[in-house]
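Per-entry structural report
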Amino acid sequence: MESVTTVSSGSTPPQVINGQVSLDASRYSTREINDFLHHQAALLGVKQVRILNPDGQHNLAVGLDLPVEVEIAGHAGYFVGGMNKQAVINVDGNVGWSVAENMMSGTVRVRGFASECAGASGHGGLLVIEGDASSRCGISMKGIDIGVGGSVGHMSAFMAQAGTLLICGDAAAALGDSLYEAVIYVGGRIHSLGADAREEPMTPQDHDRIRQLLRRAGLERDSRNFKRIASAKSLYHWNVEADQEY
Amino acid sequence: MCGIVGLQIRNREKQSQLGEWLLPMFSCMADRGADSAGLAVFTTPVAPDVRRFNVYSPDRQYNWQKLRAALMQRSDAPVDLEAVENHAILVSALPPDAFRGWLPTVDPSLHLLSVGRSINIYKDTGHASEIARRYGFGALNGTHCVGHTRMATESAVTPYHSHPFTAGEDFCLVHNGSLSNPYSLRRRLEKYGVEFETDNDTEAACRFLEWRMRTGDDLETALHAAFAELDGFYTLLMATADRLVLVRDAFACKPAVAAEHEEYIAISSEFRSLAHLPDIRNARIFEPHPEEIYAWKV
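Everything numeric in this text was worked out from a predicted model, so none of it was measured.

1. Notes on the overall build of chain B
The helix and strand inventory of chain B stands at seven helices and 16 strands. A compact globule built from 298 residues would reach a C-alpha radius of gyration of about 19 Å, and chain B, at 18 Å, matches this within 12%. For chain B, the spread of C-alpha atoms along the principal axes amounts to about 50 × 45 × 35 Å. When the 298 residues of chain B are sorted by exposure, 60% land in the buried category. Sequence separation of at least 24 residues holds for 71% of the intrachain contacts in chain B that already meet a minimum separation of 6. Placing the 30 positive and 39 negative side-chain charges of chain B at their respective mean positions leaves the two points 1 Å apart.

Shown next as structure tokens:
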């Protein structure tokens, strides 16, 4: 299939060839790129998108809701892949704050490192950070699965409600503070656990869950090296005798 | 929100490109703060018996030659002058304390921006691009520089509240964030005779660090004291004549990214302002950790 789109204000429209399209972020604005992905890509039968020269720009490929594969050829800025549904988004570089924030489904893969709040409040889908993730990784996650090849910064999985955070490296201070039903697996050292987070014995189900997530994330690690961190649930109910000393 | 940038040229032959490489970094970060902007540039030091005095005037057509003549008379020595509109660099043998006392007697509207053998500071209210164009940032050369684009959140928008802040000689600091205890810090420092020029929170941090260093600390020790004393959010980027130093608060609330390349060290609030740098793809790019001191020797 070959067709030419009619979007973009004043710019030459991107050419779609055999379901593939390249969008040069130095030629098209972020708004034009996202508008194309939201409103034109599905109509034109686009299956693969390559975003060139991202140069750390913010908000690339946010709010997608179509089964498309997006390759971002370089470093991306804040919120890349935010609110994603269905799409598979790969970033061939590092990302700024809040990658895949509030993702619903699909996959976001970062081949470099991620700045703060990676996968924040994600409801579903898979986020893979092949390098390190910074602080507050998986904060308030609500069902997303996150695989981190390296280490995570402080306050990761803070108030995490559902889903899995798998950390192959180390975790900095206050891991899993005020954790709900999300489960954290850590392959390396844990600097400290946050309030109400505790280490629990590993079960065969945990090993299965880790193996599956490692496989989906394309991370090659031995599931036997992980520790399970989950909520002690002591914050679930108000304890009048605790005297505010949690 | 504010933007910070820093650039150090490692390859001495490329120092003439400092301004050219810096300019897009600086202008890009105006997106994070468009009310004021400033830059400190470190260049070849002047002789040990003279100082660079950077002076700001609210008058864009200020008669700097007149000031130069008055300074020559006061110091009984030659004075070099380099002036652009409302900014002047005067190189003089008058001791810094004497200069500080003398300047307001000549014209109380003038503001002393910096003192040192290497440092020049340019800052004003307005958009970073306009300030950069006025002072010719693109043509600056030197060993290293730190810049700031401000979005004021805690004190007035004036040229004097803009960053970089300086204290003592050949030291400057830019700050992204906000401090919640600048007044208590200030009251403590005032007991030791430290004088303030504004009510800006960053000035308190700057004078605290300079005071610690003046009373015996090296910058690392002073920064460890600052970690204990400063309450609030901060990414601080500092420069001395021979170092570029970066720290973030314990919660790493404000962003920073650093790029180490064999030809340069570049620091910014966001990667996108570094994307144009030559061969950036082969730089080691990383996000600084909270309460760790990153220092690069010039």
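2. So, the sheet that holds strand S3 (residues 51-56) of chain B
All names here are of chain B. With antiparallel pairing, four strands are arranged side by side in an open sheet as S4-S5-S3-S6. Two strands bound the open sheet, and with one partner strand each, they are strand S4 (80-84) and strand S6 (111-116). For this sheet, the mean inter-axis angle between neighbouring strands, taken without regard to orientation, is 15°. Lying on the sheet, helix H3 (residues 96-106) is in contact with S3, strand S5 (87-92) and S6; it crosses S6 at an angle near 170°.

3. Description of the packing of aromatic side chains
Residue and element names in this part refer to chain B. Following the criterion strictly, the structure yields 16 aromatic pairs over all chains and no others. What links up through ring pairs into an aromatic cluster is the set Phe26, Tyr122, Tyr135 and Phe137. The ring of Phe165 has Lys123 lying over it, and the distance from NZ or CZ to the ring centre is 4.5 Å. One Lys or Arg, Arg207, reaches over the ring of Phe196 and ends 5.9 Å from the middle of that ring.

4. Comments concerning the pattern of salt bridges
Side chains bearing opposite charge may pair, as long as their charged atoms lie close to each other. Residues and elements named next belong to chain B. On inspection of all chains with the given rule, the structure shows 34 salt bridges over all chains. Across the pair Glu169 and Arg51 runs a salt bridge whose closest N-O atoms are separated by 2.5 Å. With a gap of 118 residues between them, Glu169 in the loop between strand S9 (165-166) and strand S10 (171-179) and Arg51 in strand S3 connect regions that are remote in the sequence. For Glu169, a relative accessible area of 34% translates into the label partly exposed. Since its relative accessible area comes to 18%, Arg51 is described here as buried. Taken together, the shared-partner salt bridges in this structure form one network comprising Arg60, Glu85, Asp124, Glu130 and Arg134.

5. Here we look at the interface of chain A and chain B
If you look at the interface, chain A gives 15 residues, while chain B gives 18 residues. Of the roughly 1200 Å² buried between chain A and chain B on both sides combined, carbon and sulfur atoms contribute 52%. Counting across the interface, chain A meets chain B through one salt bridge. At the junction of chain A with chain B, the criterion picks out eight residue pairs in polar contact (both at pLDDT 80 or more). Here the side of chain A that touches chain B is built from residues that sort into four nonpolar, eight polar and three charged.

6. Examining the domain arrangement of chain B
Residues and elements named next belong to chain B. When its domains are assigned, chain B resolves into domain 1 (3-45 + 125-297) and domain 2 (47-117). Of note, the centres of domain 1 and domain 2, computed from C-alpha atoms alone, are 24 Å apart. Both faces combined, the contact of domain 1 with domain 2 buries some 1300 Å², and carbon together with sulfur accounts for 46% of it. Together, Arg134, Tyr160 and Glu169 form the three largest contributors to the area buried by domain 1 at its contact with domain 2, with a combined 40%. Put simply, domain 1 and domain 2 have two salt bridges between them. Glu130 is the salt-bridge partner of Arg60, the closest N and O atoms lying 3.7 Å from each other. The interface formed by domain 1 and domain 2 includes seven residue pairs in polar contact (both at pLDDT 80 or more). When residues in the side of domain 1 that touches domain 2 are grouped by element, the largest group, three residues, is from helix H4 (residues 128-135). By residue class, the composition of the side of domain 1 that touches domain 2 is four nonpolar, four polar and five charged.

7. Some words on a nonpolar patch on the surface
Nonpolar side chains collect at one region of the surface, where A:Met159, A:Tyr180 and A:Tyr236 lie side by side and expose about 250 Å² of accessible area between them. Within the secondary structure, A:Met159 is located in the loop between strand S9 (142-148) and strand S10 (162-167).

8. A short note on helix H5 (residues 182-190) of chain B
In an α-helix, one turn spans 3.6 residues, which is why side chains three or four residues apart end up on the same side. All names here are of chain B. Taken residue by residue, H5 has Pro182, Leu185, Arg186 and Leu189 as its buried positions. Projected down its long axis, H5 shows its buried positions confined to an angular sector of 100°, all on one face. Contacts made by the buried residues of H5 are with S10, helix H6 (201-214) and helix H7 (219-229).

9. A short note on unusual backbone geometry
Residue B:Pro164 follows B:His163 across a cis peptide bond; omega there is 0°. In this fold, B:Pro164 is placed in the loop between strand S8 (144-150) and S9. Phi is positive for A:Ser178, which is not a glycine, with a value near 55°. Tracing the backbone shows A:Ser178 in the loop between S10 and strand S11 (183-186).

10. What about the domain arrangement of chain A?
All names here are of chain A. Here the domain parsing of chain A yields domain 1 (1-112) and domain 2 (119-235). A straight line from the C-alpha centre of domain 1 to that of domain 2 covers 28 Å. Opposite the 14 residues of domain 1 that make contact, domain 2 presents 18 residues. Together domain 1 and domain 2 conceal approximately 1200 Å² of surface at their shared face, both sides included; 46% is due to carbon and sulfur atoms. For the salt bridge of Glu130 with Arg109, the shortest nitrogen-to-oxygen distance reads 3.0 Å. At the boundary of domain 1 with domain 2, the tally comes to 14 residue pairs in polar contact (both at pLDDT 80 or more). Taken together, the residues that form the side of domain 1 that touches domain 2 break down as six nonpolar, five polar and three charged.

The rules behind the values
- Residues numbered from 1 in each chain as written.
- Chains lettered and ligands numbered in written order.
- Predicted model: local features only at pLDDT ≥ 70, side-chain atom pairs only at ≥ 80, totals over all residues.
- Heavy atoms only, no water.
- Helix = DSSP H or I, 4+ residues; strand = E, 2+ residues; numbered from the N terminus.
- Rg over C-alpha atoms; globule rule 2.2 N^0.38 Å.
- Buried < 20%, exposed > 50% of the residue type's maximum accessible area, 1.4 Å probe, protein only.
- Contact = heavy atoms within 4.5 Å.
- Lys, Arg positive; Asp, Glu negative; His and termini not counted.
- Charge placed at Lys NZ, Arg CZ, Asp CG, Glu CD.
- Pairing = 2+ DSSP bridges.
- Axes fitted to C-alpha atoms, helices over the stretch in contact; angles between N-to-C directions.
- Phe/Tyr/Trp six-rings, centres within 6.5 Å; stacked < 30°, edge-to-face > 60°.
- Lys NZ or Arg CZ within 6 Å of the ring centre and 35° of its normal.
- Salt bridge = Lys/Arg side-chain N within 4 Å of Asp/Glu carboxyl O.
- Buried area = accessible area lost by both parts, 1.4 Å probe.
- Polar contact = N/O pair within 3.5 Å; in protein donor to acceptor, adjacent residues only side chain to side chain.
- Nonpolar A, V, L, I, M, F, W, Y, C, P; charged D, E, K, R; others polar.
- Domains from an automatic or database assignment.
- Patch = residues over 30% accessible without salt bridge, like charges linked within 9 Å, V, L, I, M, F, W, Y side chains within 5 Å.
- Areas by Shrake-Rupley, 256 points an atom, 1.4 Å probe, with all protein chains shown as cover.
- Arc of directions from axis to C-beta.

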